[in-house]
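# Understanding the architecture of this molecule
Here are the chains, one letter per residue:
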Amino acid sequence: MNITIARKVLDTIKEYNRIIIFRHFRPDGDAVGSTKGLQRILQLSFPEKEIVLQNCDFSDYLSFLGGEEPLYSEDFYKDALGIVIDTATAKRVSNQNFSLCNKIIKIDHHIDVEAYGDINWVEDERCSSCELITAFYNAMSDELKIDKEAATYLYTGLVTDSGRFRFREVSGETMRLAGLLLDQGIDTDILYANLYMKDFEEFKFQGYVLNNIKITANGVAYIHIDKSTMENFGLTLEQASACVSYMDSIKNSLIWIAFIDTDKEDEIRVRLRSRFVTVNSIAEKYEGGGHACASGATVHNKEQMNALLDEADKLLGEYKKANIGWL
Ligand code: AMP
């Protein structure tokens, strides 16, 4: 861990009475877990400080982790330290008022494409921002406090962003830090029940997805979920978007992609996943980005969807020709 910057971050936190924590829109377990986890650690460690979350959109599926503060007026931000976690670019911050803060710290584990903070702390080898926040606590544990609640938030991101500790970024350090959090007494039965139990409708939707996956010549698995399908199954955009994970273990399909219609007429959310092959270069061409094997993007019509699929298919074909050992 970069201890120099960790020290600088803690010293900066100590300088401010008001700290506002932000994350990216369409939050996932890591975004919610890391922001709520840091908030709780700072509240326990510095009870005299005001430490709030200020975000503009929320996740139903993560609502079991509890709420956030209501939005305050612009004046509230002026003297505050803003800490933005798990967000690669300024454009993706859920609450654009973050830029009104007196000073901004970026803490992230995505590929470092934009240093929008006054202090920028990015460790992209970490499998989650929650891991980075846990490492921060661990390095500064003489000055910081943690409890079961904070540990539960952070463990949520460790589990979800690592695909339950399966992804290649999982290291010995990930497991040691997970152990530190478990030692706080997290109720993993309750946590996993909240994270992984599905409504019956979602199971029926899963059946529909499995029956409708298409596969390109070189093995890219994909599906397009349009608005009427979402309505038929009574799903939110967030629930429908989960379909990308239903395609994650088809032999020969080293890239899998879900296209999901959004509420905007000309906007289709793209979720790209892969094993062995790097897909973020494709995402970057379509208003997106992310990690080597898990990226997001946006397309606006069927032509762009097909062009993106062609590029993915070509990339996979080239990968298969040049490499051995993949399944
Ligand atoms: P998603 O499929 O939306 O869960 O995205 C997969 C990963 O890529 C997550 O870590 C996202 O934070 C990241 N990501 C998604 N969309 C973008 C984007 N437009 N720019 C940068 N990173 C993104």
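Residues numbered from 1 in each chain as written. Predicted model: local features only at pLDDT ≥ 70, side-chain atom pairs only at ≥ 80, totals over all residues. Heavy atoms only, no water.

Right, let's talk about the site of the ligand for a bit. Around the ligand, a shell composed of 13 residues is seen, among which Arg92, His110, Arg269, Arg271 and Arg273 lie nearest. Taking Arg92, its side chain carries an N or O atom lying 3.2 Å from an oxygen atom of the ligand. When the free accessible area of the ligand is taken as 480 Å², the share hidden by the protein chains comes to 86%. Taken together, the residues of the shell around the ligand break down into one nonpolar, seven polar and five charged. (Near = heavy atom within 4 Å. Polar contact = N/O pair within 3.5 Å; in protein donor to acceptor, adjacent residues only side chain to side chain. Areas by Shrake-Rupley, 256 points an atom, 1.4 Å probe, with all protein chains shown as cover. Nonpolar A, V, L, I, M, F, W, Y, C, P; charged D, E, K, R; others polar.)

Another aspect to go through is the sheet that holds strand β7 (residues 220-225). Pairing is mixed across the open sheet formed by six strands, whose spatial order is β6-β7-β8-β9-β11-β10. Looking along the sheet, the strands with just one partner apiece sit at the ends: β6 (214-215) and β10 (289-290). In this sheet, strand β11 (residues 294-299) lies alongside β10 in antiparallel orientation, the contact comprising two bridges. Across the sheet, Gly290 pairs through a bridge with Ser295, a residue of β11. Strand contacts of helix α7 (residues 200-212): β6 and β7, with the helix running at about 130° to β7, the strand carrying the most contacts. Packed onto the sheet, helix α11 (residues 302-322) meets β7, β8 (255-261), β9 (268-274) and β11 and runs at close to 170° relative to β8. (Pairing = 2+ DSSP bridges. Helix = DSSP H or I, 4+ residues; strand = E, 2+ residues; numbered from the N terminus. Contact = heavy atoms within 4.5 Å. Axes fitted to C-alpha atoms, helices over the stretch in contact; angles between N-to-C directions.)

Structurally, Val84 is set in strand β3 (residues 81-85). By relative accessible area, which is 1% here, Val84 ends up buried. It is 9.7 Å that separates the C-alpha atoms of Val84 and Tyr116, two residues lying 32 residues apart in sequence. Apart from the residues within four sequence positions on either side, Val84 is in contact with Phe22, Val93, Phe98, Ile104, Ile105, Lys106, Ile107 and Tyr116. (Buried < 20%, exposed > 50% of the residue type's maximum accessible area, 1.4 Å probe, protein only.)

Okay, the nonpolar core next. Core analysis: the biggest nonpolar cluster contains 47 residues, and Ile13, Ile19, Ile83, Ile107, Phe136, Leu144 and Leu181 have the highest contact counts within it. Ranked by residue count, the leading element in this core is helix α4 (residues 148-161), at seven residues. In this view, Ile19 contacts Ile13, Leu42, Lys49, Glu50, Ile51, Val52, Leu81 and Ile83; residues no more than four positions away in its chain are not counted. By size, the runner-up hydrophobic cluster in this structure holds 22 residues, among which are Leu254, Phe259, Met305 and Leu316. (Core = buried A, V, L, I, M, F, W, Y, C linked by side-chain atoms within 4.5 Å.)

The next thing to look at is the domain arrangement of the protein chain. With domains assigned, the protein chain is organised as domain 1 (3-195) and domain 2 (200-322). The straight-line distance from the C-alpha centre of domain 1 to that of domain 2 is 28 Å. Across the boundary between the two partners, domain 1 contributes ten residues, which contact 13 residues of domain 2. Each partner contributes to the roughly 910 Å² buried at the junction of domain 1 and domain 2, and carbon and sulfur atoms together form 41% of this total. Considering only the side of domain 1, the residues that lose the most area to domain 2 are Arg26, Ile111 and Arg168, jointly responsible for 55% of the buried surface there. At the boundary of domain 1 and domain 2, one finds one salt bridge. Among the salt bridges present, the one from Arg26 reaches Glu267, with a minimum N-O distance of 3.8 Å. There are four residue pairs in polar contact (both at pLDDT 80 or more) connecting domain 1 and domain 2. A breakdown of the residues in the side of domain 1 that touches domain 2 according to their chemical character gives three nonpolar, three polar and four charged. (Domains from an automatic or database assignment. Buried area = accessible area lost by both parts, 1.4 Å probe. Salt bridge = Lys/Arg side-chain N within 4 Å of Asp/Glu carboxyl O.)

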